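Now for the letters of each chain:
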2 protein chains.
Amino acid sequence: MKQTELSEWLLTHLTEHLRPGSQVPTQLPSDKSRFAEPRRPHIAKFRARMPNHRRVYEAIRRAITEQILPSGSRLPSTRSLADDLNLSRNTILAAFDQLLDEGYVAAKTGSGTYVTYKQTDDFSKNIRATNTININNNLALSKRGLAAADGINAHEVQPFTPGEDDYSRFPIELWRRLLNRQWRTLNPSLLDSSHEGGYLPLRQAIADYLRVSRAVNLTVDQVLITSGTQQSIDLCARLLTDVNDIAWVENPCYWAARRVLEINGLQLHALAVDKEGMAPSLEDFRVKPRLIYTTPSHQYPKGVVMSYGRRHLLLDYAHNSGAWIIEDDYDSEFRFEGRPISSLQGMDEHGRVLYLGTFSKVMYPGIRLGYMVIPQQLVAAFKNGLYELQRPGQVMIQAALADFIEEGHFASHIRRLRQTYAERRRLLQTALTPIASVGARLSMVDSGLHLVVEFDAEVDDVKVATMAAQQGLRVYPLSNYCVGVNPEKGLIIGYAYAATESIMQYGNVLAEVIQAAIKGQQ
Amino acid sequence: MKQTELSEWLLTHLTEHLRPGSQVPTQLPSDKSRFAEPRRPHIAKFRARMPNHRRVYEAIRRAITEQILPSGSRLPSTRSLADDLNLSRNTILAAFDQLLDEGYVAAKTGSGTYVTYKQTDDFSKNIRATNTININNNLALSKRGLAAADGINAHEVQPFTPGEDDYSRFPIELWRRLLNRQWRTLNPSLLDSSHEGGYLPLRQAIADYLRVSRAVNLTVDQVLITSGTQQSIDLCARLLTDVNDIAWVENPCYWAARRVLEINGLQLHALAVDKEGMAPSLEDFRVKPRLIYTTPSHQYPKGVVMSYGRRHLLLDYAHNSGAWIIEDDYDSEFRFEGRPISSLQGMDEHGRVLYLGTFSKVMYPGIRLGYMVIPQQLVAAFKNGLYELQRPGQVMIQAALADFIEEGHFASHIRRLRQTYAERRRLLQTALTPIASVGARLSMVDSGLHLVVEFDAEVDDVKVATMAAQQGLRVYPLSNYCVGVNPEKGLIIGYAYAATESIMQYGNVLAEVIQAAIKGQQ
């Protein structure tokens with residue numbers, strides 16, 4: 001390659017490095033536009049800029065690695081390059097120095113600078129020879145990695161999307177002030193990562209709340225702060241199970257929990273759910289679990305409350321077989337009628353239950369704060385495992401949340417949410433009344449943030465859900481939550497996200513879709 | 001049990017439930033007192049209080065489950081209990097109702113209320129009979145769980161503790177304003193959990209920074225935000241390896257990284273480190289790794305920069321064998337002399353390197369934000385795995401950090417930190433000069449936040465570290481970072497945490513301890 005060609009090539013690539021990044025794109029479009037005016041697109045105010053010597057270094061390095069300048073070829077003199085590229089000679093010298101340091105080039109006294117980089121040296125060849133097994137480069141992921149990568153992670157939020165809550169009701173201004181106060185009166189130790197399972201006053205506030213509201217039987221040291229239910233389940237699986245151990249789950253089951261257990265290499269054994277909750281048969285008891293994942297307060301998604309007898313059955317079984325029970329007390333804050341039923345944990349006399357809760361529904365999803373109540377004998381192991389695997393932190397947010405609870409805002413926020421959601425639920429139930437005409441049944445769950453509509457076995461609920469989606473209403477088919485043959489048919493309809501003033505309108509559309517769909521299938 | 005005895009028992013336990021929590025303890029004593037006056041002990045302003053009917057319910061339930069009231073026994077009348085306990089009859093009725101609901105008691109018309117709870121029913125006995133294998137209840141943790149629980153998690157921070165940085169230099173007031181501004185001008189979508197690998201403008205800012213400062217070769221979609229290096233390594237292990245796969249690590253090695261790999265069930269193969277960095281021998285190449293964990297920019301803890309030849313050797317090997325390389329570019333912001341060396345990732349032409357960085361050193365540890373740069377072919381899998389396993393969030397903090405970087409505060413904060421740490425390093429080097437008299441060598445690492453002192457092989461470095469700890473100086477023995485026989489001997493001394501004005505004084509004490517300890521061992 002001639003000197004001028006090289007200079008031209010370098011000039012092109014210098015220019016490339018002048019613009020290290022394209023414009024910062026604006027936020028992805030969000031469906032949550034009803035909150036407020038979106039703020040102005042986030043334009044980068046500062047563009048990182050490479051120093052010139054660095055750009056020259058990068059361009060020459062690339063010329064070498066791409067063999068535009070093959071090994072043994074001589075670099076142009078620094079002076080001529082400086083002229084060609086219209087840069088100072090010192091700039092070129094600095095770039096050459098770095099190339100020398102990193103072994104791309106070598107200087108021979110009196111005769112200039114030569115490329116010394118070789119794509120492959122003899123030692124590498126030797127090594128390659130030892131590689132008798134030719135590992136397929138395309139087999140990128142491990143077996144457990146494939147389980148984690150294979151997701152159904154389509155994220156689209158519409159009215160009635162289950163699992164979406166209305167955090168526009170969250171008292172943002174109050175929360176901002178609490179956070180701001182923590183930062184103003186800073187206790188510097190709160191900037192550290194957390195070694196003891198979370199911020200102590202928050203753990204104390206949670207312990208008080210659970211003792212009173214959920215009859216959980218605990219001392220504060222049993223409470224660990226996690227970044228949410230996902231992490232809590234993951235930690236249970238990692239500390240209490242090994243690959244190929246058996247976990248009992250409910251059928252139908254909360255799919256996100258099932259995913260975490262699967263990714264941890266567990267074999268899932270799905271148990272039927274009847275009107276008393278998770279219903280183990282004698283056959284099931286022969287498939288001995290290491291872990292039992294259950295939602296006793298209101299089964300997810302069907303809403304059944306586990307009976308007293310079934311609770312004692314499970315607890316006795318866990319005690320005698322050495323299994324652990326994960327009690328996911330999701331949405332326990334949202335019970336609209338009747339007294340809250342006690343937690344399973346509170347009935348456990350032998351320390352077999354790990355109780356899980358989260359703040360992402362009551363506060364906002366991105367807060368990433370949940371909690372676990374750990375049996376006494378596991379506390380030290382879980383604290384350590386949490387620290388080793390996650391280095392938890394975000395203690396400032398934990399401190400603000402402790403204030404939020406202790407000053408009574410949490411209780412009154414839940415009260416307001418409960419009123420809001422109860423009204424939406426009532427309106428949606430009214431709107432869906434007509435579906436009885438086609439044999440669809442509205443299940444009378446009195447808690448949680450979704451309704452369940454049950455169809456006859458021959459109805460294709462996936463098709464009904466698809467038709468609803470075409471009307472802009474994302475509901476989930478019940479059969480998707482089930483495993484095995486003969487899944488139950490129906491729809492899971494979240495009502496927490498749709499605004500109160502429009503829920504009747506959406507509900508009417510949904511009722512029409514359901515009626516038309518079922519009539520069309522008959 | 002007589003009626004009066006029962007009432008007394010219940011009264012005692014009602015009183016217990018009157019005080020559901022003890023006083024919230026004050027913050028744990030912190031060594032970080034030099035920051036500022038600690039704020040007033042965090043006293044709970046709000047004490048959760050159980051309603052009376054709940055307390056009665058709890059006390060009776062406990063009497064039943066502890067068989068103070070055995071199955072078949074008759075409860076006192078609600079009227080007499082109300083008198084004895086000095087509560088309204090409605091309160092007692094509400095408690096009885098709940099006990100009825102939950103099946104602890106049954107009402108027989110005209111004859112009162114009877115305990116129906118049995119510790120074991122026939123069905124449970126049946127189940128127990130099927131439990132032919134008697135699982136040991138004490139075997140609480142799984143094999144992988146034992147690995148996670150078995151930690152060396154003593155957290156004590158003193159001057160010279162490696163891994164502790166001085167976040168008192170962090171511009172807290174500026175940071176508070178940036179956070180506060182994000183909350184004032186709230187983009188509500190930032191309250192959601194994060195589906196796309198993190199907040200896009202932050203990922204863009206990181207991409208720009210890495211491209212310019214570390215010669216990382218990337219597009220913005222390759223950047224994922226994690227909650228720090230621990231989580232990044234964990235995610236790599238979970239997605240790219242299976243249990244019993246082999247991982248290469250350096251010897252000595254960053255112990256926290258080793259822990260995460262071990263907990264993931266990997267077999268660690270430790271490679272020697274020489275003056276060119278990680279030094280695989282032909283024997284090592286026969287132990288084919290699935291993953292290679294390395295710190296090429298400055299080996300942890302020894303500080304060696306991996307040579308150009310070694311880098312290409314590793315990259316070639318990974319390309320040909322299908323191994324993945326984790327490049328942990330820890331502390332890359334803190335290089336005090338010379339030009340920064342390019343990242344290994346920037347030299348990788350075949351997408352085998354996963355590049356890791358963290359904000360916990362430059363910002364503050366509890367911020368829990370780090371990043372990975374993922375090869376293009378793995379991006380979708382890692383985004384999904386991150387979401388399935390962790391539901392990442394904290395987007396508000398990511399947004400404030402994006403502002404912090406884009407407005408130039410990050411660059412100037414690093415500049416200030418670098419000056420501070422360079423001075424501390426210089427002072428500590430001066431203070432430690434006398435140790436040469438006993439044959440200890442101060443390694444001239446020019447980056448990172450610790451110094452390495454090397455001893456002769458016969459010195460017991462654990463004993464030296466213990467003697468230093470007795471003087472209130474926590475340094476780590478080099479042999480603890482090593483695996484296998486004949487570990488290297490020396491000390492790892494962090495200088496980021498000790499205040500500049502006191503480092504000479506502490507350094508003099510440490511120098512004396514080292515001299516005395518080595519003389520005592522000769």
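Up top is the structure these notes are about.
What you see is a predicted model; the values in this text were computed from it and never measured. (Residues numbered from 1 in each chain as written. Chains lettered and ligands numbered in written order. Predicted model: local features only at pLDDT ≥ 70, side-chain atom pairs only at ≥ 80, totals over all residues. Heavy atoms only, no water.)

1. So, helix α13 (residues 379–390) of chain B
Side chains of residues three or four places apart in an α-helix project in the same direction, reflecting 3.6 residues per turn. All names here are of chain B. With twelve residues, α13 should reach 16 Å at 1.5 Å per residue; the first-to-last C-alpha distance of 16 Å fits that figure. The element α13 is largely enclosed, with a buried count of eleven among its twelve residues. In the segment just after α13, Arg391 is the residue with positive phi, at about 40°. (Helix = DSSP H or I, 4+ residues; strand = E, 2+ residues; numbered from the N terminus. Expected span 1.5 Å × (residues − 1). Buried < 20%, exposed > 50% of the residue type's maximum accessible area, 1.4 Å probe, protein only.)

2. Topic: helix α9 (residues 229–240) of chain A
All names here are of chain A. Taking 1.5 Å per residue as the helical rise, α9 with its twelve residues ought to reach 16 Å, and the 16 Å between its terminal C-alpha atoms agrees with that figure. By the criterion of burial, α9 is predominantly enclosed, with twelve of the twelve residues buried. Of all the positions in α9, only Thr229, Gln230, Gln231, Ser232, Ile233, Asp234, Leu235, Cys236, Ala237, Arg238, Leu239 and Leu240 are classed as buried.

3. Quick word on the sheet that holds strand β12 (residues 450–454) of chain B
Residue and element names in this part refer to chain B. Spatially, β11-β12-β14-β13 is the arrangement adopted by the four strands of the open sheet, whose pairing is antiparallel. In the strand order of this sheet, the two ends are held by β11 (441–443) and β13 (476–477), each with one partner. Sheet topology places β13 next to strand β14 (residues 490–494); two bridges connect them, and they run antiparallel. When the bridges of β14 are listed, Pro477 appears paired with Leu491. On top of the sheet, helix α15 (residues 409–432) reaches β11, β12 and β14; it is set at about 20° to β12, its chief contact. Contacting β13 and β14, helix α16 (residues 461–470) crosses the sheet at an angle of about 40° to β14. (Pairing = 2+ DSSP bridges. Contact = heavy atoms within 4.5 Å. Axes fitted to C-alpha atoms, helices over the stretch in contact; angles between N-to-C directions.)

4. Observations regarding a positive patch on the surface
All names here are of chain A. Together, Arg169, Arg415, Arg416 and Arg418 make up a positively charged patch on the protein surface. Mapped onto the fold, Arg418 is located in helix α15 (residues 409–432). A relative accessible area of 32% places Arg418 in the partly exposed class. (Patch = residues over 30% accessible without salt bridge, like charges linked within 9 Å, V, L, I, M, F, W, Y side chains within 5 Å. Areas by Shrake-Rupley, 256 points an atom, 1.4 Å probe, with all protein chains shown as cover. Salt bridge = Lys/Arg side-chain N within 4 Å of Asp/Glu carboxyl O. Lys, Arg positive; Asp, Glu negative; His and termini not counted. Charge placed at Lys NZ, Arg CZ, Asp CG, Glu CD.)

5. Examining the packing of helix α10 (residues 255–263) of chain A against α13(B)
Between two packed helices, what matters for the description is the angle formed by their axes and the separation of those axes. Where α10(A) meets α13(B), the axes come as close as 9 Å, and the angle between the chain directions of the two elements is 110°. Compared by their axis directions, α10(A) and α13(B) come out roughly perpendicular. Every pair of crossing elements has a handedness; the one defined by α10(A) and α13(B) is left-handed. Contacts between α10(A) and α13(B) involve Trp255(A), Arg259(A), Val260(A) and Ile263(A) from the first element and Asn384(B), Glu388(B) and Leu389(B) from the second. Taken together, the residues that form the contact of α10(A) with α13(B) break down as four nonpolar, one polar and two charged. (Parallel < 35°, antiparallel > 145°, perpendicular 65-115°, else oblique. Left-handed = near helix turned anticlockwise from the far one by under 90°. Nonpolar A, V, L, I, M, F, W, Y, C, P; charged D, E, K, R; others polar.)

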